[in-house]
Amino acid sequence: MIPWTQSAKEELDRYSDQIRRTVESSGADPSIFITDIYRYVDEAIAASHLQVVTEEDIRRILSQIGLPGSDSMGWKRDFEPEIPVQTNPFHSGTDPGTEVPKSPGIKSLQRSDFNRIYKRPSGLFILLFGVVLPLITLGVELSTHLCANEFFDPIPTTWHILLVGFVPLANLLVWLAVWKGKTSYRRKLGLINGIALGVAFFYTLPFIPLLPLSVFAIIYFGIGLLPMAPLFSFISAVLCRRYLRQMTLEATPRKVPGLGWGILLALVAFVAADLPIVLTRIGIQMAASPSSEISLRGIRWLRAIGDKDLLLQACYRRPARISDFFSFMVSMGNLPTPEEVRKIYYRVMGKPFNAVPPPKLVTFDRWSFWDELDFDRDQGGAVVGERIKGLSLVGSRLDGSLDPDAVLVYTEWILILKNNSNRQHEARAQIALPPGGVVSRVTLWINGEEQEAAFGSRGKVRQTYEQIVRQRRDPVLVTTSGPDRVLVQCFPVPPGGEMKVRIGITAPLLLETRDRGLFRLPYFLERNFSIYEEGSHSVWFESRKPMETLSKTLKLEHSDNNLYTIRGTMSDPDLTTSQAIIHVGRSGEVVQAWTPDPVSKKEQIIRQIIQEREPQSPARVILVVDGSQGMQGFLPEVIDALSGLPEGIELGLIFASDDVRLLAGSIQKVTAEWYRTLADHLKKENFEGGQDNIPALIKGWDLATEHPDGIILWIHGPQPILLQTTEEIRQRWERRPDSPHLYEIQAGGGPNRIVEQLDGIPAIKSIPHLGSLSDDLKRLFSPWRGESKEWVLFRERVTRESLDDSIPGKETSAHLARLWAKDEILKRVVFKGRPESSSPNLIEEALQLAISYQLVTPLSGAVVLETQQQYQQMNLEPVKPGTVPTIPEPETWMLLLVVATVLIGVFYRWKILPVRE
């Protein structure tokens with residue numbers, strides 16, 4: 001390179017400034033002139049073979065050019081087409097008729113050619129394929145997630161969207177700058193273009209495998225161009241770089257600055273955007289590992305640094321195999337399914353994925369062009385699953401009648417479901433029944449008429465329901481899902497329409513004392529629909545005895561006919577609290593109730609006797625405490641309740657956490673000191689995530705069976721996700737079905753998948769939720785301490801002659817027979833390993849009892865079909881309307897007795913009074 005003196009450089013700068021001022025005053029762009037002057041000077045210096053460029057050399061060369069407005073060579077005052085300018089990079093030639101002057105090293109172009117820049121091939125390519133196509137592709141992917149659903153997610157986060165949108169914006173800025181000849185922005189545009197090149201390059205890499213498919217897909221409405229958008233954007237950015245290089249103010253084009261820094265910034269931006277994705281994906285793959293050690297490390301990884309929003313998205317949609325260059329490195333293996341990620345989400349967050357609003361995902365399917373995520377993956381299955389948008393409960397009424405002296409209550413819950421979406425949906429809910437309750441009626445309104453259910457074996461009614469669901473007809477299915485809980489499924493709730501169902505529940509009262517009982521209203525444990533209004537449950541219960549409630553929204557009334565009423569509205573959250581408990585008085589001297597057996601043909605009766613039983617304290621209690629995050633707030637209540645355990649019994653405490661431990665390392669007899677020791681250990685434990693309680697229950701079973709009079713007390717939060725199979729623990733109770741007893745008490749509302757899988761095991765007892773957790777535990781401990789009595793309801797089927805008239809009692813409704821049948825069914829539920837298992841007739845007898853008495857049990861279910869033809873096809877018989885229970889039924893016999901008395905009185909009076917002529 002020929003060296004320049006400082007004075008030579010200053011002389012050229014002065015000349016350039018003079019040119020700039022002169023040309024700007026005329027309204028032209030000076031950069032075009034200066035570019036040609038620099039090139040002419042370089043060519044003149046090279047032709048002169050100078051060793052050093054001096055000030056005199058520059059003056060000599062510039063004197064050959066002159067100034068605009070002078071009469072020197074190549075310049076005209078009016079700037080005719082002979083003006084020497086640099087050819088625009090986008091211009092491929094001169095227009096026909098344009099006269100090009102023969103000036104040394106200088107070309108000519110009219111300024112009006114800049115207005116036709118979009119007609120040139122190179123400029124048009126950048127505009128269409130470097131700006132318009134990428135923007136269209138981004139919009140299509142944002143709206144439909146075509147690539148995310150079929151291949152991988154190129155824009156998983158907002159940062160990726162901004163990076164993709166930056167590329168067409170950068171190309172457009174360069175296009176405009178070259179069009180207008182804005183050379184002053186060349187350095188900044190070089191950096192912007194460098195970033196765009198880096199982003200386009202990194203996005204082109206994962207799309208390379210799709211390019212051959214894209215060529216064939218172009219014939220389908222041009223959709224094949226979309227995967228080519230990153231490649232075209234990269235080519236356009238390269239062209240823009242080339243044009244920026246030609247926009248130099250020097251005669252010889254030089255390298256455009258900013259390429260290296262731009263690519264580096266693009267790399268940094270990708271790392272920053274992808275880091276949460278990469279770290280979360282690594283954690284998910286670790287957590288899904290079959291190795292328990294690796295899985296636990298993955299769970300802890302996600303709790304510490306995982307992106308919770310991305311984890312939630314993976315619960316609805318399988319994680320994309322690649323989303324960009326960096327995620328590709330951690331996406332080579334088999335990616336977890338949404339079902340697997342849902343378990344991981346619960347272990348990390350401590351709550352199920354459907355307990356929070358679903359992510360804002362948009363899908364494209366054949367049913368609707370633009371449609372938010374509302375596909376129901378659990379339709380027709382045996383789980384409630386995720387919330388369905390547009391599906392809601394718009395009407396709910398709870399009607400009930402209590403017969404306190406017979407210790408009975410019958411409740412009917414009518415649900416009206418509405419679907420505001422544009423497709424059919426299945427409504428599903430798990431309902432907690434009153435303690436000891438059983439579903440004895442299921443009704444569906446079809447075209448305004450009531451259709452009663454058919455009762456059959458559990459497998460048969462579910463198979464029938466699933467077949468009808470596939471035909472998109474009108475069935476309702478009710479099956480048990482654990483002690484005192486049922487699963488209700490309704491399909492289809494039509495688009496824009498409603499579905500109305502009724503669930504009838506027969507239950508005993510819980511005796512607090514001989515002359516006082518209580519009843520708990522049913523409530524939702526989980527549901528896949530929303531509640532339309534907070535005060536949407538209308539409550540109306542009647543009794544012949546005074547009633548009380550803690551609810552402030554329910555009113556107490558006493559009518560003239562000595563009928564007591566509780567009525568009003570309750571919000572859905574209130575149904576899960578002590579406000580949903582009704583206390584009722586009864587005649588303490590009445591200890592016997594009976595009813596004719598509605599099924600027996602031998603004129604037998606079902607008799608119930610209230611017996612006082614001496615409470616027995618267990619010799620060993622293995623306390624299993626759930627270590628999930630949701631139990632943290634209940635820790636003070638648990639510690640407070642432990643002080644109520646009687647001294648002298650053996651107590652061990654197992655903490656169900658990531659690693660199951662026996663706190664304090666031993667089992668000792670309860671003393672004040674041992675209680676404080678366990679309480680101190682429990683306070684130091686970390687409650688985090690969602691814990692798998694099955695290993696802790698297995699360990700508790702082993703420790704409890706070491707003593708012949710041992711029990712397990714399981715204090716836990718909701719168990720919405722089954723993290724492993726229950727076969728191991730179920731096997732233990734099947735081989736030893738009578739012991740040890742498991743008392744489970746749940747803090748807070750929600751499902752319990754473990755108890756659902758152990759449905760039908762008589763050794764499992766659910767402690768009713770009647771108040772605070774501390775109060776419920778102390779109520780359990782009170783009989784163990786000898787501070788209260790236990791009242792047992794003993795039911796049997798006998799002949800009428802066996803009825804002991806000397807015991808105060810009353811005749812009641814057929815609900816007593818239904819409760820007796822439920823007890824008999826549970827007694828006949830035989831497990832493998834028992835001697836009775838050699839007789840299969842016991843199970844068949846239990847099933848026939850359930851069908852005859854129209855009950856939903858672990859062996860049976862209820863299904864409502866649309867037409868009589870469907871019942872015949874499935875070999876089912878719907879319940880006859882005259883045999884279904886009704887609301888006033890607990891008092892029916894009393895009313896009939898009153899009516900009979902009146903009729904007898906009228907008849908007697910008619911017989912003895914003389915007839916008047």
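As the structure is a computational prediction, the values presented were derived from the model and not from experiment.

Caption draft 1: Summary view of the overall build of the chain. For the chain, the count of helices and strands is 24 helices and 32 strands. Residues counted as buried form 52% of the 917 residues belonging to the chain. Restricting to contacts in the chain with at least 6 residues of sequence separation, those with at least 24 account for 76%. If you sum the accessible surface of the chain, you get close to 42600 Å²; carbon and sulfur atoms cover 56% of it.

Caption draft 2: View of the sheet that holds strand 20 (residues 581-585). Spatially, the four strands line up as an open sheet ordered 12-13-20-17, and their pairing is antiparallel. Only two strands of the sheet have a single neighbouring strand rather than two, namely strand 12 (510-513) and strand 17 (547-549). Here the average twist between neighbouring strands, direction ignored, is 30°. Sheet topology places strand 13 (residues 516-520) next to strand 20; five bridges connect them, and they run antiparallel. If you follow Arg516 over to strand 20, its bridge partner there is Gly585.

Caption draft 3: Structural detail: the packing of aromatic side chains. By the definition in use, this model includes 14 aromatic pairs. Between Phe202 and Phe270, the aromatic rings sit 5.4 Å apart at their centres with planes inclined by 85°, giving edge-to-face as the arrangement. Remark: Phe270 occurs in helix 10 (residues 259-287) and Phe202 occurs in helix 7 (residues 186-207); sequence separation between them is 68 residues. Summarising the aromatic geometry, the rings of Phe524 and Phe529 are spaced 5.6 Å apart at their centres and angled 85° between planes, so their arrangement reads as edge-to-face. Phe529 carries the same exposure label as Phe524, and that label is buried. Against the face of Trp445 rests Lys500, its NZ or CZ located 4.4 Å from the ring centre.

Caption draft 4: Structural detail: the packing of helix 6 (residues 158-180) against helix 7. It is at 9 Å that the axes of helix 6 and helix 7 come closest, and there the two elements cross at 135°. As far as their axial angle goes, helix 7 and helix 6 are oblique. You can see that helix 6 and helix 7 cross each other, and the crossing is left-handed. Facing His160, Leu163, Val164, Phe166, Val167, Ala170, Leu173, Val174 and Ala177 of helix 6, the residues of helix 7 in contact are Leu189, Ile192, Asn193, Ile195, Ala196, Val199, Ala200 and Tyr203. For the contact of helix 6 with helix 7, a count of residues per class yields 15 nonpolar, two polar and no charged.

Caption draft 5: Summary view of the pattern of salt bridges. Under the defined criterion, the tally for this structure stands at 43 salt bridges. In this structure, the salt-bridge partner of Asp759 is Arg458, at a minimum N-O distance of 4.0 Å. With Asp759 in the loop between helix 19 (753-757) and strand 29 (764-766) and Arg458 in helix 14 (residues 458-470), this pair connects stretches of sequence that are 301 residues apart. A relative accessible area of 13% places Asp759 in the buried class. For Arg458, a relative accessible area of 28% translates into the label partly exposed. Among the salt bridges present, the one from Glu612 reaches Lys789, with a minimum N-O distance of 3.2 Å. Of the two residues, Glu612 sits in strand 22 (residues 604-613) while Lys789 sits in the loop between helix 20 (773-784) and strand 30 (790-799), which places them 177 residues apart along the sequence.

Caption draft 6: Representation of the confidence of the model for the chain in the model. Overall, the prediction assigns the chain a mean pLDDT of 80, with 80% of residues at 70 or greater. Below pLDDT 50 for its whole length, residues 891-904 participates in eleven contacts with residues either more than four positions away or in separate chains.

Caption draft 7: Focus on the side chain of Asp574. Within the element layout of this structure, Asp574 appears in the loop between strand 19 (564-570) and strand 20. Look at Asp574: it is buried, it has no salt bridge, and the nearest opposite charge is Arg520 at 9.9 Å. With residues near it in sequence (within four places) discarded, Asp574 still touches Gln579 and Ala580.

Caption draft 8: Highlighting helix 7. For helix 7, spanning 22 residues, the distance from its first C-alpha to its last is 31 Å, which sits close to the expected 32 Å at 1.5 Å a residue. Judged by how many residues are buried, helix 7 sits mostly within the fold: 16 of 22 residues are covered.

Conventions adopted
- Residues numbered from 1 in each chain as written.
- Predicted model: local features only at pLDDT ≥ 70, side-chain atom pairs only at ≥ 80, totals over all residues.
- Heavy atoms only, no water.
- Helix = DSSP H or I, 4+ residues; strand = E, 2+ residues; numbered from the N terminus.
- Buried < 20%, exposed > 50% of the residue type's maximum accessible area, 1.4 Å probe, protein only.
- Contact = heavy atoms within 4.5 Å.
- Areas by Shrake-Rupley, 256 points an atom, 1.4 Å probe, with all protein chains shown as cover.
- Pairing = 2+ DSSP bridges.
- Axes fitted to C-alpha atoms, helices over the stretch in contact; angles between N-to-C directions.
- Phe/Tyr/Trp six-rings, centres within 6.5 Å; stacked < 30°, edge-to-face > 60°.
- Lys NZ or Arg CZ within 6 Å of the ring centre and 35° of its normal.
- Parallel < 35°, antiparallel > 145°, perpendicular 65-115°, else oblique.
- Left-handed = near helix turned anticlockwise from the far one by under 90°.
- Nonpolar A, V, L, I, M, F, W, Y, C, P; charged D, E, K, R; others polar.
- Salt bridge = Lys/Arg side-chain N within 4 Å of Asp/Glu carboxyl O.
- pLDDT = per-residue confidence, 0-100.
- Lys, Arg positive; Asp, Glu negative; His and termini not counted.
- Expected span 1.5 Å × (residues − 1).

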